[in-house]
Amino acid sequence: MKLYEEIKHRYDDIILNYRIKGRKCSLGEIDLLARKGEVLDLYEVKCSHRIVKARKQLYKARKNMKLNSSNSNLFFYCGSSDSIMSI
């Protein structure tokens, strides 16, 4: 994955396709979850520039993981333009 290769040197740990598990079923999936110290960065990957859908998925994932904006950051990666945007 191109995004993984681009950012792997910045983080302590990186998990691809991290599933958010609920009591009975899966609550969602993060395309890339990266940890640097105590801060988690969540990345949503889309082939085209669909930032609205990515934002919605990231906010839902942050809520389901019980994170807040002080200990997590949200990012959108557009595959067609190879760009990373902070949300």
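Read on for an overview of the structure. (Residues numbered from 1 in each chain as written. Predicted model: local features only at pLDDT ≥ 70, side-chain atom pairs only at ≥ 80, totals over all residues. Heavy atoms only, no water.)

**Considering the sheet that holds strand E4 (residues 72-78)**
Link 1 in the chain: Across the sheet, 5 strands lie side by side as E1-E2-E3-E4-E5; this open sheet has mixed pairing. Taken across any chain shown, the strands that pair with only one partner, and hence form the sheet edges, are strand E1 (13-21) and strand E5 (83-86). Strand after strand, the sheet turns through a mean of 35° between neighbouring axes, direction not considered.
Link 2 in the chain: Pairing between E1 and strand E2 (residues 26-36): 8 bridges, direction antiparallel. Residue pairing across strands places lysine 21 opposite serine 26, the latter belonging to E2.
Link 3 in the chain: Packing against the sheet, helix H2 (residues 51-64) makes contact with E1, E2, strand E3 (39-46), E4 and E5, and its axis sits at approximately 145° to E3. (Pairing = 2+ DSSP bridges. Helix = DSSP H or I, 4+ residues; strand = E, 2+ residues; numbered from the N terminus. Axes fitted to C-alpha atoms, helices over the stretch in contact; angles between N-to-C directions. Contact = heavy atoms within 4.5 Å.)

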